[in-house]
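Working through the structure, step by step
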Amino acid sequence: MKKALITGITGQDGSYLAELLLKKNYKVLGMMRRSSIFNTIRIDHLYKSYPKNFDTEYGDLMDETSIYRIINDFRPNEIYNLGAMSHVGVSFKTPKSTLTYNTLSTFNILETIKMIDKKIKFYQASSSEMFGATPPPQNEKSHFLPQSPYGISKVAAFHTTRLYRNSQNLFAANGILFNHESPRRGLNFVTRKVTSNIPKILKKEINEIAFGNIDTRRDWGFSGDYVEAIWKILQQKKPDDYVIATGENYSVKDFIKECFKIVGLDWKNFVTYNNINYLRPSEVQSLKGNATKAIKKLKWKPKVKFKSLCRMMVEADLKEQGLSLNEARKLSKNVKKN
Ligand code: NAP
Ligand code: G4F
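As a convention, each chain's residues are numbered from 1 in the sequence order in which they are written. As a convention, the first chain written is A and the first ligand written is 1, with the rest following in written order. For this predicted model, a pLDDT threshold of at least 70 governs which residues receive local features, and a threshold of 80 or more governs which side-chain atom pairs are given and counted, while totals over whole chains, interfaces and linings are taken from all residues. Hydrogen atoms and water are omitted, and side-chain values are computed over all heavy atoms in the structure.

1. Quick notes on the overall build of the protein chain
Runs of E in the DSSP output that reach at least two residues are strands. Runs of H or I that reach at least four are helices, and both are numbered from the N terminus. Assigned secondary structure in the protein chain consists of 13 helices and 13 strands. Each of the three principal axes of the protein chain carries a C-alpha extent, and together these read 65 × 45 × 40 Å. Counting every position in the protein chain, which comprises 338 residues, the buried fraction comes to 53%. Residue contacts are counted whenever heavy atoms from the two residues lie within 4.5 Å of one another. Sequence separation of at least 24 residues holds for 80% of the intrachain contacts in the protein chain that already meet a minimum separation of 6. Burial here depends on accessible area, computed with a 1.4 Å probe over protein chains only, as a share of the maximum for the residue type. Under 20% is buried, over 50% is exposed, and the range in between is partly exposed.

As structure tokens, this is what we get:
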């Protein structure tokens, strides 16, 4: 039985990846940090469904003794490093801690692997945000021109992973993942901000949503599809770096428009702008990935595209707030414009 350690287990991707590995009969240990309230909502079902094969352990990516203890005790075959301060906008407000967490964490784990067992395979959650100002389409050969402290931190962690692969002969690989979303996406990322607030508009709890720049374009896929690629990256004969993307991009405005259309509302009546809170000091204008290498070598391809993703997320948030799509469409007839 293979054993996998996942950092960032309480996050969106951690939960989908754990589900995938458990279905493949892995034993999975998730590392999580202590928080003042329980934040295991995305993984609670896994403790119940896989009592023998799934567990979590307290640790912190900044505390290398905790990393050493967990890896030494658990002896995983594979480590998936998904833990990070992952919000680009917030990284402008907390640049030092973002850089510290997102780069030192990778060093801490790779150094530990080097000391304990060089056969442990390592996956680093790299990001399309690293391409920054480089125009699309972006692939593995595109320049990194990061536009945020988050982007800079991920470039450093990317190169750290390559360095340990080349200099220490470790199986250390990067997945350069473009934006991926799901009903489990954090509420302060733009897609989930849209889909979680639409039911509130329908129930007249709020009458508008404020955004920053809605002309930026992103290549949005589904997290459930992307964790398949993550797993495949560690199953290759040789460690390498792969772009994971759908190859299509849409503006934030397109996303808003499509989601409001699903419930029968005109987006223009409910959108306002708050440049102080949501406009970023510098922006990544357009991301569109070329995943030809992954499609060919990993034999991976995304199943969920833009419109299905919008529908999946809207329906999930309606359900979470007690509404069916039919009920939502009826309510939309009585919601007045702003
Ligand atoms: P997420 O939902 O924000 O989850 C991040 C996880 O990291 C959470 O479990 C968080 O724990 C944990 N974490 C943060 N700092 C930590 C620390 N010091 N010690 C231990 N754990 C810590 O992010 P995601 O969307 O699942 O993304 C997973 C990874 O992929 C991240 O590294 C992200 O940067 C990267 N990535 C994401 C995307 C995307 O579009 N989703 C694209 C490219 C790359 P708490 O619950 O305690 O906060
Ligand atoms: O949803 P976002 O916050 O995602 P962003 O910045 O693209 O970052 C995500 O994808 C990266 C991969 O490229 C990951 F590495 C990273 O961890 C994260 O998962 O913002 C998307 C776009 C941006 O251009 C942002 O400026 O939406 C724009 N936006 C406009 N109004 C907003 C808002 N973003 C947020 N979060 N909130 C707004 O009100």
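2. Considerations on the layout of surface pockets
Approximately 360 Å³ is the volume attributed to the second largest pocket. A 1.4 Å probe that fits into a set of points on a 1 Å grid over the protein atoms alone but cannot get out defines a cavity; an open set with protein on both sides within 12 Å along at least five of seven lines defines a pocket, and lining residues are those with an atom within 4 Å of a point. Lining the second largest pocket we find 15 residues, and of these I41, P183, R184, R192 and E320 sit closest to its centre. Those elements that place two or more of their residues in the lining of the second largest pocket are helix 7 (190-202) and helix 12 (306-320). The element that contributes the greatest number of residues to the lining of the second largest pocket is helix 7, accounting for 3 residues. Ten residue types, Ala, Val, Leu, Ile, Met, Phe, Trp, Tyr, Cys and Pro, are classed as nonpolar, four, Asp, Glu, Lys and Arg, as charged, and the remainder, Gly among them, as polar. When grouped by side-chain class, the residues that make up the lining of the second largest pocket number 4 nonpolar, 4 polar and 7 charged. Grid points are joined across faces, edges and corners, and a volume is the space filled by probe spheres set on the points.

3. Let's talk about the packing of aromatic side chains
The criterion for an aromatic pair is that two Phe, Tyr or Trp rings (for Trp, the six-membered ring) have centres within 6.5 Å, with stacked assigned to planes under 30 degrees apart, edge-to-face to planes over 60 apart and tilted to the rest. For the coordinates displayed, the defined rule picks out 13 aromatic pairs. Ring geometry for F260 against F270: centres 5.8 Å apart, planes inclined by 10°, an arrangement best described as stacked. Of this pair, F260 sits in helix 9 (residues 252-263) while F270 sits in the loop between helix 9 and strand 13 (271-273), and the two are 10 residues apart along the sequence. Pair check on accessibility: F260 and F270 agree, each one buried. Taken together, the ring pairs connect F131, F144, F158 and F178 into an aromatic cluster. The aromatic ring of W231 is capped on one face by K24, whose charged end is 3.9 Å from the ring centroid. Here, over-ring charges are defined by two tests on the NZ atom of lysine or the CZ atom of arginine: distance to the ring centre within 6 Å, and angle to the ring normal within 35 degrees. Its guanidinium or amino end placed over the ring of F189, R185 lies 3.9 Å from that ring's centre, counting from NZ or CZ.

4. Observations regarding the pattern of salt bridges
In what follows, salt bridge is the name for a side-chain nitrogen of Lys or Arg lying within 4 Å of a carboxyl oxygen of Asp or Glu. Overall, the coordinates contain 18 salt bridges when judged by the stated rule. Where D117 meets K119, a salt bridge forms, and the shortest distance between an N and an O atom there is 3.6 Å. Close ionic contact of D215 with K253 constitutes a salt bridge, the shortest N to O distance being 3.4 Å. Residue D215 is found in the loop between strand 8 (209-211) and strand 9 (217-218), and its partner K253 is found in helix 9; the two are separated by 38 residues along the sequence. Relative accessible area serves as the criterion here: at 28%, K253 is assigned to the partly exposed category. Several salt bridges converge on common partners, so that one network encompasses R162, R165 and D241.

5. Considerations on the side chain of D219
Along the chain, D219 turns up in the loop between strand 9 and strand 10 (221-222). For the buried D219, no salt bridge is present, and the opposite-charge side chain at shortest range is K288, 7.8 Å distant. The definition of a polar contact used here is a pair of N or O atoms within 3.5 Å, where within protein one atom must be able to donate a hydrogen and the other to accept one, and adjacent residues in sequence count solely through side-chain atom pairs. A polar atom in the side chain of D219 sits 2.6 Å from the side chain of T246. Filtering out sequence-adjacent residues up to four positions away, D219 remains in contact with F178, N179, Y226, A245, T246, G247, E248, N249, L287, K288 and G289. In this count, Lys and Arg are taken as positive residues and Asp and Glu as negative ones, while His and the chain termini are left out.

6. Here's the deal with the site of ligand 2
In these notes, residues near a molecule or strand are those with any non-hydrogen atom within 4 Å of it. Taken together, 24 residues lie around ligand 2, and S127, S128, Y150, R280 and E283 are the ones closest in. With respect to ligand 2, the side chain of S128 contributes an N or O atom lying 2.5 Å from an oxygen atom. Between E129 and ligand 2, the recorded distance is 3.5 Å, taken from a backbone N or O atom to an oxygen atom. Protein chains shield 95% of the accessible area of ligand 2, which is 720 Å² for the free molecule. Within the residue set of the shell around ligand 2, elements represented by two or more residues are helix 7 and strand 8. Split into classes, the residues belonging to the shell around ligand 2 amount to 9 nonpolar, 9 polar and 6 charged. For the accessible areas, the method is Shrake-Rupley and the probe is 1.4 Å, while residue cover comes only from the protein chains on display.

Honestly, that's just the spatial picture; any functional story needs more than this.
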